[in-house]
Amino acid sequence: MGTKQDMTLSIQVTVSGTVDASGDFTATATYAQLASDPPSDEVVHSDGSVHLDHMAFDGKHYNKQTDITFQLAGTVVDAEGNSLPFSFPVDPAQAILITGRDGKGVDGLTPVAGDSVQSVLLDDEDKKNRAYNYCLSIWARTDSPNPGDGLGCTLDPVIVNRTQ
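If you're wondering where the values come from, they're calculated on a predicted model, not measured in any experiment.

Asker: So what's going on with the packing of aromatic side chains? Residues and values would help.
Answerer: Scanning all chains against the criterion turns up 1 aromatic pair. Aromatic pair F70 and Y134: ring centres 5.4 Å apart, planes at 40 degrees, arrangement tilted. Placement of F70 in strand β4 (residues 62-77) and of Y134 in strand β9 (residues 131-141) is noted, with a sequence separation of 64 residues between them. Accessibility assignment for this pair places F70 and Y134 in one class, buried. A cation sits over an aromatic face here: K64 above F57, 5.3 Å from the ring centre.

Structure representation (structure tokens):
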């Protein structure tokens, strides 16, 4: 018997952000499930909570590991309403901060660079069947106070790992 494949989940993160005149970056996001393999319903909620226990697990073809890809969309504007380029930080470890909801460490969740700065992949190895908080960080390029400067902002949803 061959090796079973990881399940996959793609999530669109639609950002609405503003960098005000004093340089404060605030943003909100909504989340939508784009695709999953195996096809599964109601895994991603609009608040960003990800319920991996809702994946349609099939032990014949898949292991319980899940590759979760977050894909950015939306807009970030400056105080005058001009669009600013935004992305995940280049370092995947800075793009996703993960903590165990039970106060214990994180085991088997690894952020990996996506195929562009607009995406990041979280490799969930499902080692502990625990719930995790994760915080996505985004970065907006600004022209002030110094040319080329950027500002960071965090978004704070929850992953519910598989409990089956």
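Read on, since the account is not over.
Asker: Pulling in residues and values, what's your account of the environment of T26?
Answerer: Summarising the element assignment, T26 is placed in strand β2 (residues 25-37). With 128 residues separating them in the primary sequence, T26 and T154 have C-alpha atoms 8.3 Å apart. For T26, the residues in contact, after removing those within four places along its chain, are S16, G17, T18 and C153.

Asker: Report on unusual backbone geometry, specifying residues and quantitative values.
Answerer: Of note, the bond from D37 into P38 is cis; its omega dihedral lies within 30 degrees of zero at 5 degrees. For P38, the position within the fold is in the loop between β2 and β3 (50-51). Positioned with a positive phi, E42 is a non-glycine residue whose angle comes to about 55 degrees. With respect to the element layout, E42 can be found in the loop between β2 and β3.

Asker: So what's going on with the pairing of strand β6 (residues 96-100)? Which residues, and what values?
Answerer: Of the two faces of β6, the one lined by I96, I98 and G100 is fully buried and the one lined by L97 and T99 carries no buried residue. Here 5 bridges tie β6 to β9, and the two strands are oriented antiparallel to one another. Across the sheet, residue I98 finds its bridge partner in β9, namely Y134.

Asker: Can you explain the sheet that holds strand β1 (residues 5-19)? Please cite residues and give values.
Answerer: Ordered by their spatial adjacency, 5 strands build an open sheet running β2-β1-β4-β8-β7, and the pairing between neighbours is mixed. Edge positions in the sheet fall to β2 and β7 (109-113), since each has one partner strand and no second. Put simply, the sheet's adjacent strands are angled 25 degrees from each other on average, direction ignored.

Asker: Which residues make up the side chain of S137, and what values go with them?
Answerer: One can find S137 in strand β9. Looking at S137, its side chain comes within polar contact range of the main-chain oxygen of Q94, at 3.5 Å. Discounting residues that sit within four places of it in the chain, S137 has contacts with F88, P89, Q94, A95, C153 and T154.

Asker: Quick rundown of the side chain of S87? Include the residues and the values.
Answerer: Note on placement: S87 falls in strand β5 (residues 86-87). The residues touching S87, leaving out its near neighbours within four places in the chain, are L72, V117, Q118, I138 and W139.

Rules and cut-offs
Residues numbered from 1 in each chain as written. Predicted model: local features only at pLDDT ≥ 70, side-chain atom pairs only at ≥ 80, totals over all residues. Heavy atoms only, no water. Phe/Tyr/Trp six-rings, centres within 6.5 Å; stacked < 30°, edge-to-face > 60°. Helix = DSSP H or I, 4+ residues; strand = E, 2+ residues; numbered from the N terminus. Buried < 20%, exposed > 50% of the residue type's maximum accessible area, 1.4 Å probe, protein only. Lys NZ or Arg CZ within 6 Å of the ring centre and 35° of its normal. Contact = heavy atoms within 4.5 Å. Pairing = 2+ DSSP bridges. Axes fitted to C-alpha atoms, helices over the stretch in contact; angles between N-to-C directions. Polar contact = N/O pair within 3.5 Å; in protein donor to acceptor, adjacent residues only side chain to side chain.

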